[in-house]
Amino acid sequence: MVSYFTVDSISEVTNFQKEISNMMHGLGDNPNPNAATVVLVESIVLNQLRSMLQEAFNLSMNRGAKVITNYEIIYLMRKNKLKMKRLYDYQKKLDHIDKTRQGT
């Protein structure tokens, strides 16, 4: 089975350093955070995301599904109430944005 979540299989370079730098500044850090810190944060976030997506993919395959759905993500986050609340709040905001766009 081919894994699409390894660094070697990424053909395009994904770079979120500008966004992470802006987020760090927005959360009270220096307006120009240390570049090494930004790279480290990006590396950690990407590794966690890849790991979570790989687990969700494995769950969906065990279910016989061909795609990852919200059910797999919720299942993976079920034991962490804070993460579940953030996911719920984020989903509510997305639903509100969708309703607003459909209304206009």
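Nothing here was measured: the structure is a model prediction, and the numbers come from that model.

Conventions and cut-offs
Per chain, residues are indexed from 1 in the order of the written sequence. Given that this is a predicted model, residues contribute local features only at a pLDDT of at least 70 and side-chain atom pairs are listed and counted only at 80 or more, while totals for whole chains, interfaces and linings are drawn from all residues. The basis for the side-chain values is all heavy atoms of the structure; hydrogens and waters are excluded. The buried label applies to any residue whose accessible area, calculated with a 1.4 Å probe on protein chains only, is under 20% of its type's maximum; exposed applies above 50%, and partly exposed to all values in between. Here a strand is any run of E in DSSP of at least two residues, a helix any run of H or I of at least four, and the numbering for each starts at the N terminus. Summarising the geometry, the arc corresponds to the directions from the helix axis toward the C-beta atoms. Between two residues, a contact is recorded if the distance between any of their heavy atoms is within 4.5 Å.

Draft legend 1. Looking closely at helix α1 (residues 17-26). Among the residues making up α1, those that are buried are Ile20, Ser21 and Met24. Across the axial projection of α1, the buried residues extend over an arc of 100°, all falling on one side. Turned more than 90 degrees off the buried face of α1, the exposed positions are Lys18, Met23 and Gly26. Packed against the buried residues of α1 are α2 (35-63). Positioned one or two residues after α1, Gly28 has a phi angle of 105°, which is positive.

Draft legend 2. Highlighting the environment of Pro33. Along the polypeptide, Pro33 turns up in the loop between α1 and α2. By relative accessible area, which is 13% here, Pro33 ends up buried. Along the backbone, Pro33 and Ile20 are 13 residues apart, and their C-alpha atoms lie at a distance of 9.5 Å.

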